[in-house]
Amino acid sequence: MAEKRRASDDHVEDLAERAEPVTFKKIRFQLPRNEEGLPEKDVPAKDTDDQLMARLRVMRVKELVHEILAAMYYDIHRLCWHRKYLMQNRIRRFPDLHFYKIQHQEASWLLDRAIRQEMLVKVGQTSSHDWAYISKQEAHRVGQFIRQFNWKILAICVLSEAFRLALYAEDQVVWAVLMLKIRENRTSIEVFAQSRGLDWQGQLLKHADKQIPGLQQALVPRLDLAQEHFHHIVIANGSFGRPLYEEHNQTNINHGNIFNPSYFKDKRDPTIRVPDRDGPCDLCYAERECNCRISRPTLATFLVELVNYPHKGIGVRALARFKKGDILDEYVGELRPVDYKDDRVYALLHESKMVEGDPLALISAKRYGNWTRYLNHSCKPSTTFLKMTVGKKIMVAVQAVRDIDIFEEITVDYGKGYWKNRKCLCGEPGCRSQDATEEETEA
Ligand SMILES: C[S@@+](CC[C@H](N)C(=O)[O-])C[C@H]1O[C@@H](n2cnc3c(N)ncnc32)[C@H](O)[C@@H]1O
């Protein structure tokens, strides 16, 4: 994954280079010079103004494309969320019907223009564009998009306002890099839209009778994707599968921990807040019980996906840009007594934030849990497990410890104990398994 990303970064520079050849050529061949003005290999290179500008431009393009993609995922999520309300006939609680209508209308008009354009191309009238009807740039970019991808991806993407704005307004370099990134993340976009219930077919169905190459195929739905919870889908090498543990399906739960009194001697839920033991609420600072709670599913629940990573198994990939300090979700599973031995992979100690080293329970997520159980370990993690007191409960939250970019793997530090008899393959400089002796890491 990391290599793939690096490769595409190089491509960004290539594209930028093609757009402004003069500036880039100058930079590429300019050697550092000594005091006499002669080329000197040993003089450390200093950025010239041109170099600085070129670097800034590449960074800006990458930044902008990531912004656009993050906005595309968010737009699609928002439409799916609205549609869910509509389908449940909760129209009175429907937050923004106008927004929903406009997005579908704009997408529909754009697809109508694209279909008309393709019909003209089909009958060989490539030169007879009706420029009052479709702009040259739109015709070119949409035509190029259909040939590179297909009608289904176009129908999904045009529902996003961010994509339409990029199509109309972004320059050639940004558009080219965006196409590249969409190609790299094509399966992710398809799975995202279909597993969350986006109505991408509606706009195309009215054209189903037209004999346009690829249109009929695009209208075939993927029922297997639409019927599963999106965290029951793992993307692996352009395809997808179901998360399993010891041959059993793993099930996503949207609510908090599952408590079964029969597992505990005193039959009491160990996560119930005890004011003198657990300290003030972390949201409102109330010393006593309050009504605060973290509303679930959190936004991060929708804006991450499960991906298979080489050597590490399933992991979590960000589909948004998260900020340092963001609480992404709660680590949940079945509550078990501390001496429970049957989950060596996902079990996490549940402690009060005030009483270090005195665990109250184990959270076992091998069968039931949410996306947070798939966070892989890194010795340089992007999140941490945070013990919190919220309302009437104590919980373990996942908090970002630095900014996380879109498409980055989200990781956490499992702690030293986890790697005693296992080998960490995070590959970070200073990884604790690289530093450990052979005996320490021997399985
Ligand atoms: C809590 S699970 C994480 C999700 C897991 N990858 C899966 O497929 O379900 C922890 C397990 O993931 C794998 N894993 C996570 N991080 C790893 C790392 N840095 N190096 C090697 N294996 C890792 C190990 O098998 C570990 O026991």
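Residues numbered from 1 in each chain as written. Predicted model: local features only at pLDDT ≥ 70, side-chain atom pairs only at ≥ 80, totals over all residues. Heavy atoms only, no water.

Novice: Can you help me understand the site of the ligand in this one?
Specialist: Around the ligand there are 18 residues in total, and Lys 312, Ile 314, Tyr 346, Tyr 418 and Leu 425 lie nearest to it. Contact between the ligand and His 377: a nitrogen atom at 2.9 Å from a main-chain N or O atom of the residue. Within the contact set of the ligand, a nitrogen atom lies 2.7 Å away from a backbone nitrogen or oxygen of Leu 425. At the level of elements, strand E7 (313-318) and strand E13 (376-377) are the ones that each hand at least two residues to the shell around the ligand. Residues of the shell around the ligand, tallied by class, amount to eleven nonpolar, three polar and four charged. (Near = heavy atom within 4 Å. Polar contact = N/O pair within 3.5 Å; in protein donor to acceptor, adjacent residues only side chain to side chain. Helix = DSSP H or I, 4+ residues; strand = E, 2+ residues; numbered from the N terminus. Nonpolar A, V, L, I, M, F, W, Y, C, P; charged D, E, K, R; others polar.)

Novice: Whenever I open this one, the pattern of salt bridges confuses me. Can you help?
Specialist: One side chain can pair with another of opposite charge once the charged atoms of both are near each other. In total, this model carries 23 salt bridges according to the counting rule given. The partner of Lys 152 in a salt bridge is Glu 190, with the nearest N and O atoms 3.4 Å apart. Of this pair, Lys 152 sits in helix H6 (residues 151-157) while Glu 190 sits in helix H9 (residues 186-195), and the two are 38 residues apart along the sequence. Overall, the relative accessible area of 9% leaves Lys 152 in the buried class. One salt bridge in this structure joins Glu 184 and Lys 181, with 3.7 Å as the shortest N-O distance. Of this pair, Glu 184 and Lys 181 both sit in helix H8 (residues 172-184), separated by three residues, roughly a single helical turn. Since its relative accessible area comes to 3%, Lys 181 is described here as buried. (Salt bridge = Lys/Arg side-chain N within 4 Å of Asp/Glu carboxyl O. Buried < 20%, exposed > 50% of the residue type's maximum accessible area, 1.4 Å probe, protein only.)

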